[in-house]
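Below, each chain spelled out in residue letters.
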Amino acid sequence: LVVFCVLSHLRWCVGALLGSPRSAMLAFVSPQLPVAAAPLVPAGTAAGSGRPAQQPGSGSQLSPAMIATALAAAGAGLRQRRRSLPASLCGHALRPQHHQARLLATARRSFDALDALQVEGEQATGSVRPRVRFAPSPTGVLHVGGARTALFNWLFAKSQGGEMILRVEDTDMARSTADSEAAILEGLKWCGITWDEGPDCGGPVGPYRQSERMDAGIYQEQLEKLIARNKVYKCFLTSEDLDAMRAEAEKNEQAFVVDSPWARATAAEVQEMLGKGTPFVYRFRVPQDQEMVVNDLVLGEVEWNSDDLGGDFVIVRNTGVPMYNFGVVVDDAQMGITHVFRAQEHLMNTPRQILIYEALDLPIPEFGHMPLILAPDRSKLSKRHGAVSVSDYQKQGYLASGMVNYLSQLGWNDGTNKEIYTVEELLQSFKMERMSKVAAIFDKDKFKWVNGHHVRLLDDDKATEMIGAELVKAGIVKEASGPFVRRASTLLRERVGTLAEAASELRSIMGYKFDDMLASPESKEWVDSGAIKETAACILKAKAEGALDAIGSDPDVFKKLAKFIGEERGGVKKKALLAPLRLCLTACDHGPDMAIFFEMLALADDNVLLEVLPLDKRLAMLKEKFEL
């Protein structure tokens, strides 16, 4: 038997060096033993990879790190068997076929782990594409938190040439609606987040709605495997029973741990309850004192002990509907998901999911738990802080590019001070290693600031189209076209944070409330000093001399006018010269460049529904007000 193990070890080493991990393990067991098909993986694909299955002996390139890991595992297995030989030989002669069966069982348990090792090595060389998923529940709309999760998954996949899967988790029959699903998909599309497989476009590992997967018996099939392996049991505890157990734990100042008597019930006791038609759930048997370690791609190494999970947990409701942790494990495994990126609020689901992966002998994906999004006061983000839906922000005039840019900054940066990114720049810069571990703060003002930059990035045609549509909606113009709309749009592009602000901003700069200006605190200094009256007199004099005839067409008119007024007023300082000039012509102490403004004013035509006060009427008001 010892000679058999040593020779098998040598065969394993040769297989590891020249073939695939699976062929290496087969060599370690016996060349005649069959390979067990990995469960939950489509025919022709390797577990969790979405790639063609590696056939024994087909040959694949293994990195030194992969070979070292595989050899270390083989060595550990041999040492374990060597330690067990004396006791086995003293007690009874272990038949070769029994020993081979034991080795085959060990091999089968290792197949998926070795495949995951191969996937990791191939990912390092770029030969295997990562597969990620976004799995919303259609019970509402797409909020900023969900949009960020989808975005980071999409950026990770697309930056590495991978695939994005959209799966709808609609097992909450009472709350899930088709309208909600449609709204979520529409929100994702508006953000520019695309997917390669999903309920609307299909794919090789569908269905992509959990309700349809349940109807297809996918979860039932895996449940039966767990039943056969004694990993789950029927539990008839009622909510009243659980409340009593919880109260008893609180009374004794102990943590509540589900210790169901049905975990130890006899078949006769279970059958008696079934005969009565008593409702039951399926609970997963949590092993005692099992350490679980995950190298989280965001948080680093995270450890759990199974004793801290609160006891056996439900995986199937009494309605037959799978619970989240069971359904997501089955779906992710069958869909070949290699990386699971989600918010940190899901972190405590991870150890329960790992137990289910192990119970079904499924490959465990890599996990990354992204930071939470909090309000500025570090409380839970709510609607009053800005936790509205993506569609609401769209209606408020935010751009999809602005939304994507800002969401990308909630927990990630590229290590520089750069804050404004195009989607193309994000795809080039995105690395999961740059994800923050600490919570991100949602700041509505910062969001608007970022969005304003993207408004200013619009080209003239796009600005005219989008801002013009807002002006039509506000009743300022009849049509989103023409010289005035184009000039107004390019002017407003530089002055607004959202498209929805365009109409009010245009009304503000087009208005000429001269009396209100004279009574405002902003103009008091210039009114009291007489600077406004002096400036008005100079403007009227310049008009009489023809110096304003080219206003609206010649941008140098205002430079010449300012020089003329400065000379007339005896060389006043710049602020004392320009502030009264702007107040006289626009009735406001701030605004766009006056050459651009009067150019736009001169383009007003029948398409404009807003009241327009041309230059001549403004000058007439100055003359009347100051009796000049």
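*Asks:* I'd like a description of the nonpolar core, backed by residues and values.
*Replies:* Within the largest apolar cluster, 59 residues are counted, with the highest numbers of intra-cluster contacts made by L506, M510, L585, F598 and M600. Here the element with the most residues in this core is helix 22 (residues 531-544); it accounts for seven residues. Here M600 is in contact with F484, R487, A488, L491, L506, I509 and M510, once residues within four sequence places are set aside. Core analysis: the next-biggest nonpolar cluster, separate from the first, contains 48 residues, F156, I184, A375 and V404 among them.

*Asks:* Quick one: what's the story with the packing of helix 11 (residues 324-334) against helix 12 (residues 349-359), residue by residue and with numbers?
*Replies:* Where helix 11 meets helix 12, the axes come as close as 9 Å, and the angle between the chain directions of the two elements is 60°. With respect to their mutual orientation, helix 11 and helix 12 come out oblique. Pair helix 11 / helix 12 crosses with right-handed handedness. Along the contact surface, helix 11 presents Y324, N325, F326, V328, V329, D332 and A333, while helix 12 presents N349, R352, Q353, I356 and Y357.

*Asks:* Could you give an account of the pattern of salt bridges, with specific residues and numbers?
*Replies:* Pairs may arise between side chains of opposite charge once their charged atoms sit close together. All told, the structure shown has 33 salt bridges when counted by the stated rule. The closest approach of N and O atoms between R229 and D361, which form a salt bridge, is 3.6 Å. On the criterion of sequence distance, the pair formed by R229 in the loop between helix 8 (218-228) and strand 3 (232-235) and D361 in the loop between helix 12 and strand 9 (366-370) is long-range, its members being 132 residues apart. Residue classification places D361 among the partly exposed residues on the basis of a relative accessible area of 31%. Salt-bridge contacts for R487 lead to E599; the nearest nitrogen and oxygen are separated by 3.3 Å. With R487 in helix 18 (residues 483-492) and E599 in helix 25 (residues 594-602), this pair connects stretches of sequence that are 112 residues apart. One continuous salt-bridge network, built from bridges that share partners, spans R133, R167, E169, R213, D331 and D332.

*Asks:* Lay out the layout of surface pockets in plain terms, naming residues and giving numbers.
*Replies:* What the second largest pocket holds in volume is close to 1,200 Å³. Listing elements by their share of the lining of the second largest pocket, those giving two or more residues are strand 1 (131-134), helix 5 (144-159), strand 8 (339-343) and strand 10 (373-374). At six residues, the largest contribution of residues to the lining of the second largest pocket is made by helix 5. For the lining of the second largest pocket, the per-class residue count stands at 20 nonpolar, 12 polar and nine charged.

*Asks:* A description of the sheet that holds strand 7 (residues 313-316) should follow, citing residues and the corresponding values.
*Replies:* Reading across the sheet, the three strands line up as 3-4-7 and stay open at both edges, with antiparallel pairing between neighbours. Each of the sheet's edge strands pairs with one partner strand only, and the pair in question is strand 3 and strand 7. Taken pair by pair, the neighbouring strands of this sheet meet at an average axis angle of 45°, ignoring direction. Pairing geometry for strand 3 and strand 4 (residues 281-284), over four bridges, is antiparallel. Bridge pairing in strand 4 places Y233 opposite R283.

*Asks:* Which residues make up the pairing of strand 4, and what values do they have?
*Replies:* A regular strand carries its side chains on alternate faces of the sheet. Neither face of strand 4 is left uncovered, since the one carrying V281 and R283 and the one carrying Y282 and F284 both have all their residues buried. The pairing of strand 4 with strand 7 spans three bridges and is classified as antiparallel. When the sheet's bridge partners are listed, Y282 is paired in strand 7 with V316.

*Asks:* Can you tell me about the environment of L577, naming the residues and giving the values?
*Replies:* The topology assignment puts L577 in helix 24 (residues 574-586). Sequence-wise, L577 and K563 are 14 residues apart; in three dimensions their C-alpha atoms are separated by 9.2 Å. When neighbours within four sequence positions are excluded, L577 is seen to be in contact with A562, I565, G566, R569 and V572.

*Asks:* Run through a negative patch on the surface, naming residues and quoting values.
*Replies:* Judged by side-chain charge, D289, E291, E301, E303, D307 and D308 come together as a negatively charged surface patch. Locating D308 in the fold gives a position in the loop between strand 6 (300-305) and strand 7. Overall, D308 belongs to the exposed group, its relative accessible area being 61%.

*Asks:* If you had to explain the packing of helix 22 against helix 26 (residues 615-626) to someone new, which residues and values would you point to?
*Replies:* Running from N to C, helix 22 and helix 26 cross one another at 130°; their axes reach a closest spacing of 10 Å. By the criterion of interaxial angle, the relationship of helix 22 to helix 26 is oblique. Once helix 22 is placed against helix 26, the crossing between them reads as left-handed. Taking contact as the criterion, the partners of I532, K533, A536, I539, L540 and K543 in helix 22 are, on helix 26, D616, L619, L622, K623 and F626. Of the residues assigned to the contact of helix 22 with helix 26, the class counts are seven nonpolar, no polar and four charged.

*Asks:* How would you sum up helix 8? Please name residues and give values.
*Replies:* Buried residues of helix 8: I218, Y219, Q222, L223 and L226, and no others. Projected down its long axis, helix 8 shows its buried positions confined to an angular sector of 125°, all on one face. Looking at the buried side of helix 8, the elements it contacts are helix 7 (210-215), strand 3, strand 4, strand 7, helix 11 and helix 12. Within two residues after helix 8, N230 carries a phi angle of roughly 60°, on the positive side.

*Asks:* An account of helix 12 is requested, with residue identities and associated values reported.
*Replies:* An α-helical turn contains 3.6 residues, so a residue and the one three or four places further along point in the same direction. Among the 11 residues of helix 12, 10 are classified as buried, and the element is accordingly described as predominantly covered. Three or more residues of helix 12 are buried, namely N349, T350, P351, R352, Q353, I354, L355, I356, Y357 and A359. Phi turns positive one or two residues past the end of helix 12, at D361, with a value near 55°.

*Asks:* How would you explain the packing of aromatic side chains if you had to name every residue and give the values?
*Replies:* Scanning the entire structure with this criterion turns up 19 aromatic pairs. For the ring pair Y406 and F447, a centre distance of 4.9 Å and an interplane angle of 15° mean the geometry is stacked. One end of the pair, Y406, is in helix 14 (residues 400-408); the other, F447, is in helix 16 (residues 444-456), and 41 residues separate them in sequence. Assessed through its relative accessible area of 3%, Y406 is described here as buried. Aromatic rings pair up to connect Y393, Y398, Y406, F442 and F447 into one cluster. If you follow R352 out to its NZ or CZ, it ends over the ring of F313, 5.9 Å from the centre. The ring of Y421 carries K418 above its face, with NZ or CZ at 5.1 Å from the centroid.

*Asks:* Tell me about the confidence of the model for the chain, and please be specific about residues and values.
*Replies:* Here the chain averages 83 in pLDDT, while 79% of its residues score no lower than 70. Ignoring residues within four places in sequence, the model shows residues 1-127, a span with pLDDT below 50, making 153 contacts including any to other chains.

*Asks:* So what about the side chain of S180? Which residues, and what values?
*Replies:* Take S180: it is sitting in helix 6 (residues 178-191). A relative accessible area of 7% means that S180 is categorised as buried. Among all residues touching S180, those that are not within four sequence positions of it are P138, T139, G140 and V141.

What counts and what doesn't
Residues numbered from 1 in each chain as written. Predicted model: local features only at pLDDT ≥ 70, side-chain atom pairs only at ≥ 80, totals over all residues. Heavy atoms only, no water. Core = buried A, V, L, I, M, F, W, Y, C linked by side-chain atoms within 4.5 Å. Buried < 20%, exposed > 50% of the residue type's maximum accessible area, 1.4 Å probe, protein only. Helix = DSSP H or I, 4+ residues; strand = E, 2+ residues; numbered from the N terminus. Contact = heavy atoms within 4.5 Å. Axes fitted to C-alpha atoms, helices over the stretch in contact; angles between N-to-C directions. Parallel < 35°, antiparallel > 145°, perpendicular 65-115°, else oblique. Left-handed = near helix turned anticlockwise from the far one by under 90°. Salt bridge = Lys/Arg side-chain N within 4 Å of Asp/Glu carboxyl O. 1 Å grid on protein atoms, 1.4 Å probe; cavity = no way out; pocket = protein on both sides within 12 Å on 5 of 7 lines; lining within 4 Å. Points joined across faces, edges and corners; volume = space filled by probe spheres on them. Nonpolar A, V, L, I, M, F, W, Y, C, P; charged D, E, K, R; others polar. Pairing = 2+ DSSP bridges. Patch = residues over 30% accessible without salt bridge, like charges linked within 9 Å, V, L, I, M, F, W, Y side chains within 5 Å. Areas by Shrake-Rupley, 256 points an atom, 1.4 Å probe, with all protein chains shown as cover. Lys, Arg positive; Asp, Glu negative; His and termini not counted. Charge placed at Lys NZ, Arg CZ, Asp CG, Glu CD. Arc of directions from axis to C-beta. Phe/Tyr/Trp six-rings, centres within 6.5 Å; stacked < 30°, edge-to-face > 60°. Lys NZ or Arg CZ within 6 Å of the ring centre and 35° of its normal. pLDDT = per-residue confidence, 0-100.

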